[in-house]
Each structure stands twice: as C-alpha cells, then as structure tokens.
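Tertiary structure, described
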Number of protein chains: 2
Amino acid sequence: MCELNAFVTEDGKEELLLENVDTLRVEDDKIVLRSLFGEEKVFYGRIKEIQAIKRKIILALPG
Amino acid sequence: MCELNAFVTEDGKEELLLENVDTLRVEDDKIVLRSLFGEEKVFYGRIKEIQAIKRKIILALPG
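In this text, all values refer to a predicted model and were calculated from it rather than measured experimentally. (Residues numbered from 1 in each chain as written. Chains lettered and ligands numbered in written order. Predicted model: local features only at pLDDT ≥ 70, side-chain atom pairs only at ≥ 80, totals over all residues. Heavy atoms only, no water.)

1. Quick look at the packing of aromatic side chains
Keep this limit in mind: Two aromatic rings, drawn from Phe, Tyr or Trp (for Trp, its six-membered ring), form a pair once their centres lie within 6.5 Å of each other, and the interplanar angle then sorts them: stacked below 30 degrees, edge-to-face above 60, tilted otherwise. Criterion for a charge above a ring: Lys NZ or Arg CZ within 6 Å of the ring centre, and within 35 degrees of the ring normal.
For the structure shown, the criterion picks out zero aromatic pairs over all chains. When the ring centre of Phe7 of chain A is taken as origin, the NZ or CZ atom of Lys56 of chain A, which lies over that ring, is 5.1 Å away.

Right, dumping it as structure tokens:
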C-alpha cells in the first residue's frame, strides 16, 4: 500500500497531522485529508512538498 | 516503490504530465515535479487532488 503521512512544517520542525492518508483534496483555502481508515482532517494552509518514496506530504501555514 | 503519476485535468479530461514522480515542490505559482529517473517538469498551476492508493497527483490550471 502506498498511503502517505501528512506533516505540518513550521520553523524547521515537522509535526505529524495525519497518518495513512489516502486522499487529499484542495478546496479554496483548505486542504481536506482522508485516511485509509476513514478519518478526515481539515488543514487551513498550503501544500509545500510531496515526497513519494518517503511517503510524506509536507504542509505549511498560509503565506 | 510508491512513486506517483501526475495528471493535468481540464474539462473533465485527464492528461498525463509525468510518470514515476518522486518529489513535488510548490514554489509560488509553479509546481516542480521530479521523477525517480531525474526528469524534472514545471507546471504553472495548482494541486487539485492526491489519491495515494491510486498513485495519482491531479493538477489543474490556475483559477
């Protein structure tokens, strides 16, 4: 399985937001993440980077 | 391996932009994609959706 783990980065630190992410949708100013297990989280910010082999989505606060 | 394939969607159609994407970086108004094989592509637009299990990145034109 190729699910991803989503982190929020700030001041050079990364904090785990949601594991086992299957889908991510960008809707205006928010990002809606849903895990394989049906958990949904909303993040107000932006996508900074995706690292597929490392299975990471890196999000950042707006701006 | 969990590389992703990047598509551009427009008018309900999807066109393949780059296969075997390892990293994607968002830089201002552009998205820089790099494949496992070192190929780099730049797309001026936005991320619409990521589907990890289907291994898809779906991009869209700005707006």
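That was the structure; now back to the text.
2. Concerning the nonpolar core
Most often, soluble globular proteins have nonpolar side chains that are buried together. Operational definition: Nonpolar cores are built from buried Ala, Val, Leu, Ile, Met, Phe, Trp, Tyr and Cys residues. Side-chain atoms within 4.5 Å join them into one set. Buried, partly exposed and exposed residues are distinguished by accessible area as a fraction of the type maximum, computed with a 1.4 Å probe on protein chains only: under 20%, between the cut-offs, and over 50%, respectively. Any two residues having at least one pair of non-hydrogen atoms within 4.5 Å are treated as being in contact.
The biggest cluster of nonpolar side chains holds 30 residues, and the ones touching the most others in it are Leu33 and Leu59 of chain A together with Leu33 and Leu59 of chain B. In this structure, Leu59 of chain B is in contact with Phe7, Val8, Thr9, Leu17, Ile31, Leu33, Phe43, Arg46, Ile47 and Lys48 of chain B, ignoring residues within four places of it in sequence.

3. So, the relation of the copies chain A and chain B
This is how the line gets drawn: Only residues with pLDDT of at least 70 in both copies contribute their C-alpha atoms to the least-squares superposition of the copies.
Expressed as a screw transformation, the operator carrying chain A onto chain B has a rotation angle of 180° and an axial translation of 0.0 Å, and the superposed copies differ by an RMSD of 0.0 Å. Between the two chains, the operation in question is that of a two-fold axis. If distances are taken from each C-alpha of chain A to the rotation axis, the shortest is found for Cys2 of chain A, at 2.7 Å. Taken as a fraction of all interface residues of chain A, those also at the interface in chain B reach 100%, which identifies the copy contact as same-surface.

4. Some details on the environment of Pro62 of chain B
Residues and elements named next belong to chain B. Stated formally: Numbering of helices and strands runs from the N terminus, with a helix taken as a DSSP run of H or I at least four residues long and a strand as a DSSP run of E at least two residues long.
Here Pro62 lies in the segment after β6 (56-60). Between the C-alpha atom of Pro62 and that of Ile47, which follows or precedes it by 15 residues, the distance is 9.3 Å. Filtering out sequence-adjacent residues up to four positions away, Pro62 remains in contact with Tyr44, Gly45 and Arg46.

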